[in-house]
Amino acid sequence: MIDDYLGELLERLQLPARRRRRILAEVEDHLACAAADLHAEGLDAEQAERAAIERFGPAHELAQTFLEHEAARRGMRAAQRGAFVVVGCAAAGLLDAMLRALAGGHTWSADGWTALGVLLAGAAVTGATVARAREQARRVPPSESADEPRDIVETLGRYVPWVRRHPWRFAATIAIGAGLALAAAHSLSEGGFSLHHLDRQLQAAGLLVSVEALAALLGFAVLGRYLGLRSDTGAAAAEP
Amino acid sequence: MEIKGHLDALLLAVVADGPAHGYGIVERLRARSRGHFDLPEGTVYPALHRLEADGLLRSEWKTVGGRRRRQYELTRRGQAELGTRSEDWRRFAAAVERVLPA
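Residues numbered from 1 in each chain as written. Chains lettered and ligands numbered in written order. Predicted model: local features only at pLDDT ≥ 70, side-chain atom pairs only at ≥ 80, totals over all residues. Heavy atoms only, no water.

A. Representation of the nonpolar core. Ranked by internal contacts, the top residues of the largest apolar core, which has 43 residues, are A:Y5, A:L9 and A:V27. Elements represented by at least two residues in this core include exactly α1 (2–12), α2 (17–40), α3 (45–56) and α4 (59–104) of chain A together with α1 (7–16), α2 (22–32), α3 (44–53) and β3 (67–74) of chain B. Leave out the neighbours within four places in its chain, and A:V27 touches A:Y5, A:L6, A:L9, A:F56 and A:L62. (Core = buried A, V, L, I, M, F, W, Y, C linked by side-chain atoms within 4.5 Å. Buried < 20%, exposed > 50% of the residue type's maximum accessible area, 1.4 Å probe, protein only. Helix = DSSP H or I, 4+ residues; strand = E, 2+ residues; numbered from the N terminus. Contact = heavy atoms within 4.5 Å.)

B. The arrangement of the packing of α2(A) against α2(B) in detail. At a minimum axis separation of 8 Å, α2(A) and α2(B) run at an interaxial angle of 50°. Taken as axis vectors, α2(A) and α2(B) run oblique relative to one another. Residues A:H30, A:C33, A:A34 and A:D37 of α2(A) lie in contact with α2(B), whose contacting residues are B:G22, B:Y23, B:V26 and B:E27. For the contact of α2(A) with α2(B), a count of residues per class yields 4 nonpolar, 2 polar and 2 charged. (Axes fitted to C-alpha atoms, helices over the stretch in contact; angles between N-to-C directions. Parallel < 35°, antiparallel > 145°, perpendicular 65-115°, else oblique. Nonpolar A, V, L, I, M, F, W, Y, C, P; charged D, E, K, R; others polar.)

C. Summary view of the packing of aromatic side chains. For the structure shown, the criterion picks out 3 aromatic pairs over all chains. Taking 6.1 Å as the distance between ring centres and 35° as the angle between the ring planes, the aromatic pair formed by A:F56 and B:Y45 counts as tilted. With A:F56 in helix α3 and B:Y45 in helix α3, the pair connects residues from two separate chains. Classification of A:F56 as buried rests on a relative accessible area of 2%. Between B:W89 and B:F92, the aromatic rings sit 5.6 Å apart at their centres with planes inclined by 45°, giving tilted as the arrangement. Here B:F92 and B:W89 lie together in helix α4 (residues 76–99), a separation of 3 residues that amounts to about one turn. Given the relative accessible area of 45%, B:W89 is considered partly exposed. Among the residues examined, B:F92 registers a relative accessible area of 48% and is labelled partly exposed. Taken together, A:Y5, A:F56 and B:Y45 form an aromatic cluster joined through their ring pairs. Across from the ring centre of B:W61, 4.2 Å away, lies the NZ or CZ of B:R68, which sits over that ring. (Phe/Tyr/Trp six-rings, centres within 6.5 Å; stacked < 30°, edge-to-face > 60°. Lys NZ or Arg CZ within 6 Å of the ring centre and 35° of its normal.)

If you want it as structure tokens, here you go:
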């Protein structure tokens, strides 16, 4: 009978596997303890199970409550991440413009102003979103649970253990990749490569890639925590 | 259910006594309220998970007598929150007491 109850709960709990497993384990333990106590009080085994389930409450109601909480959490996470992405892109763009200005001796360009403007707007949106989400949390408090991964490094680390073991190498790889991508985009927008003066072009390209990669890496290091890309504990401590 | 709005505070108070798993928490609540708070036992779990998600409780798996159970305990934030809610409740109850006829 307890098995039937758990089966019904399992079907109705449309949640991530880890959360589902934890809930079922806790419910099973609870029902087993309750049935054991009732049995000790004099009920026969079957009556004890039935009474324990009766006192626990209907499976569909319990599942419903869990699902409602999950929906609220998802909503807030989506809103926060959307805002963080805006700020992240703007911050990366700003850093990029700053570093290129420093490296190339260029004056602060229109790119820089645009990036700064987007960054400020993004920060305002983020602030408003987080404030609103916090206010909603007082009523139906959703937020990251201990079970959920805290940042992107942890999420990816679930599927690719290398990422979890070496988060900084992962960041460096991504940074170099981003650098290459940005440099390629930049040179394409300026008319692409030609076979003339290839060595000079390669030199310039190499400098550009380095600068862009450094910008991406610095962005990750400095802003990663605020952008939900990495958390304080775990990831930073994992690498020697 | 009358206690729904206050369930969080009651759970925090019960866990403040010492770490416990869901079943133990329900038993303690029933005992301390002298049977007055006798809710569907399952309802504590969504509440406990939510309190943990908010950092007011922390939990871990413990093996007790061959069984694996999830034990909850109060965090420092949870302790502070409990204090605040107790204070709020006392003020509220005192105000109601003053308004209602003797």
